[in-house]
Amino acid sequence: MPHATEPVFQHIQVTKLAPTFGAEVTGIDFNKPVEPEVFKEVLDAITEYGVLVFRKAALDDARHVAFSRLFGELDDVKPYLTLGRKNRFPFDELFDVSNMEDDGSLVQVDSKRDHTSRGNSLFHVDSAFNPRRAGYSLLRAHELPPPGYGGNTDFADTRTAYDDLPAELKAQLNEADYIGANSLWHSRRKACPHSEFLRDIDPEAHPFGRHRILQLHEPSGRMNLYIANHLHHLEKADGTRVPEPEGTALIESLLTHATQPKYLLSVDWRDPGDVICWDNTAVMHRAGEFKGMGKFKRDMRRTTVHDGSSTAWGLNERTEERMGLP
Ligand code: OGA
Ligand code: MN
């Protein structure tokens with residue numbers, strides 16, 4: 001159900017994209033810094049709708065970073081750059097989510113980078129595997145493939161999915177208050193199980209990001225199902241594991257529940273400059289099928305805002321550690 005009290009806006013125009021979440025925002029001039037009263041409405045809009053689309057926003061790399069800073073403290077790409085990887089961009093806050101190698105050439109089908117990037121094709125939330133999870137992500141299209149090759153970004157409304165849980169399951173989850181153990185390696189292996197680059201990696205040999213799967217979304221006061229394909233296993237309040245196969249069966253049933261068509265929104269990328277901003281603590285997302293891999297550039301750049309809520313660190317030690325890319 002749509003929220004009873006939807007916000008009213010004075011400075012921006014907001015058009016809903018799906019019955020329960022997602023909106024397109026117009027009326028912002030991105031050529032100049034976004035004024036505080038305008039930004040306040042952007043925050044109200046993302047709090048309500050979880051996903052905002054800005055078409056042909058006039059943001060370059062610097063303005064993308066500057067606009068993102070209004071949302072909070074930004075994650076830094078440097079800790080992720082392992083094994084000789086370099087950032088293509090002169091901004092440490094800009095993550096390369098393209099299908100391009102660091103030298104700008106196209107990622108080849110079945111290369112290591114192709115296999116590891118396929119994890120993004122499963123529904124997830126950014127940085128659940130890190131000690132401090134991500135709040136907002138702002139993804140911008142710099143260069144797009146020709147139309148007809150897919151490459152949408154899809155979203156799932158996990159607040160409404162929580163609301164709609166069968167009463168018995170909801171009560172069981174509230175009673176147990178499970179902790180999810182999230183791993184980037186787990187979702188990568190799940191997306192590409194036979195990969196020669198991934199099959200010998202043991203997620204258990206790496207740290208997990210531990211966050212409760214039922215969370216209050218503090219900005220909206222609604223409950224959220226904080227789940228993702230990063231979920232490797234569940235733990236009980238006392239830290240013991242939920243036994244298998246029940247644990248994995250519960251993870252899979254929650255993911256299946258939350259990704260029913262009625263909770264989904266698929267956003268197409270139309271023009272360079274298009275920006276999608278989402279709240280990782282209210283929605284899941286995935287890269288939809290892209291048929292131009294190895295043929296056309298899909299040059300996507302993302303800033304990642306650290307979560308500013310009281311549960312940002314989940315049950316993790318407050319370390320600067322990130323899960324490095326291979
Ligand atoms: C991301 C992501 C999906 C896409 O940037 O975090 O998952 O469509 N992107 O590129
Ligand atoms: Mn992502």
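Residues numbered from 1 in each chain as written. Chains lettered and ligands numbered in written order. Predicted model: local features only at pLDDT ≥ 70, side-chain atom pairs only at ≥ 80, totals over all residues. Heavy atoms only, no water.

For the chain, an unreviewed UniProt entry supplies the name Alpha-ketoglutarate-dependent 2,4-dichlorophenoxyacetate dioxygenase and the organism Capronia epimyces CBS 606.96. The UniProt entry for the chain carries the following comment under Sequence similarities (unreviewed entry): "Belongs to the TfdA dioxygenase family." (UniProt positions renumbered as here; feature names shortened; annotations may be inferred.)

Engineer: Before we move on, can you summarise the coordination of the manganese ion (ligand 2) with the specific residues and values?
Structural biologist: Protein-derived coordination of the manganese ion (ligand 2) comes from His124 (NE2), Asp126 (OD) and His285 (NE2), at a distance range of 2.1 to 2.2 Å. Along the chain, the residues that donate to the manganese ion (ligand 2) are spaced as H-x1-D-x158-H. For the residue pair His124 and Asp126, the accessibility class agrees, reading buried in each case. (Donors = N, O, S within 2.8 Å, 3.2 Å for Na, K, Ca; no water. Buried < 20%, exposed > 50% of the residue type's maximum accessible area, 1.4 Å probe, protein only.)

Engineer: Describe the site of ligand 1, listing the residues and the values that go with them.
Structural biologist: Residues in close proximity to ligand 1 include Val97, Asn120, His124, Asp126, Leu139, Asn152, Thr153, Trp278, His285, Ala287, Arg298 and Arg302, which together make up its full environment. Between ligand 1 and His124, the relevant distance is 3.2 Å, taken from an oxygen atom to a side-chain nitrogen or oxygen of the residue. Within the contact set of ligand 1, an oxygen atom lies 3.1 Å away from a side-chain nitrogen or oxygen of Asp126. Contact with the protein chains covers 99% of the free accessible surface of ligand 1, which is 290 Å². Of the residues belonging to the shell around ligand 1, the class tally is four nonpolar, five polar and three charged. (Near = heavy atom within 4 Å. Polar contact = N/O pair within 3.5 Å; in protein donor to acceptor, adjacent residues only side chain to side chain. Areas by Shrake-Rupley, 256 points an atom, 1.4 Å probe, with all protein chains shown as cover. Nonpolar A, V, L, I, M, F, W, Y, C, P; charged D, E, K, R; others polar.)

Engineer: Explain the sheet that holds strand S13 (residues 275-279) to me, using residue names and the numbers behind them.
Structural biologist: Across the sheet, which stays open at both edges, the seven strands sit in the order S1-S2-S3-S13-S5-S15-S4 with mixed pairing between neighbours. With one partner strand each, in any of the chains shown, strand S1 (13-16) and strand S4 (95-96) form the two edges of the open sheet. For strand S3 (residues 51-54) and S13, the ladder comprises four bridges, and the chain directions are antiparallel. For Val53, the partnering residue across the bridge sits in S13 and is Ile276. Running over the sheet, helix H1 (residues 36-49) touches S1, strand S2 (23-26), S3, strand S5 (134-143) and S13 and is turned about 130° from S3. Most of the contacts of helix H2 (residues 61-69) go to strand S15 (residues 299-306), to which it runs at about 25°, and overall it touches S3, S5 and S15. (Pairing = 2+ DSSP bridges. Helix = DSSP H or I, 4+ residues; strand = E, 2+ residues; numbered from the N terminus. Contact = heavy atoms within 4.5 Å. Axes fitted to C-alpha atoms, helices over the stretch in contact; angles between N-to-C directions.)

Engineer: Explain the pairing of strand S6 (residues 153-157) residue by residue, including any values.
Structural biologist: Of all five residues making up S6, five are buried, and the element is well covered by its neighbours. Burial of the side chains of S6 extends over both faces: Thr153, Phe155 and Asp157 are buried on one face and Asp154 and Ala156 on the other. Strand direction decides the pairing type here: S6 and strand S14 (residues 283-287), joined by five bridges, are antiparallel. Paired with Asp157 across the two strands is Val283, which belongs to S14.

Engineer: Outline H2, listing residues and values.
Structural biologist: Every buried residue belonging to H2 is among Asp61, His64, Val65, Phe67 and Ser68, and all of these are buried. All buried residues of H2 lie within an arc of 165° about the axis, which places them on one face of the element. Against the buried residues of H2 lie H1, S3, S5 and S15. (Arc of directions from axis to C-beta.)

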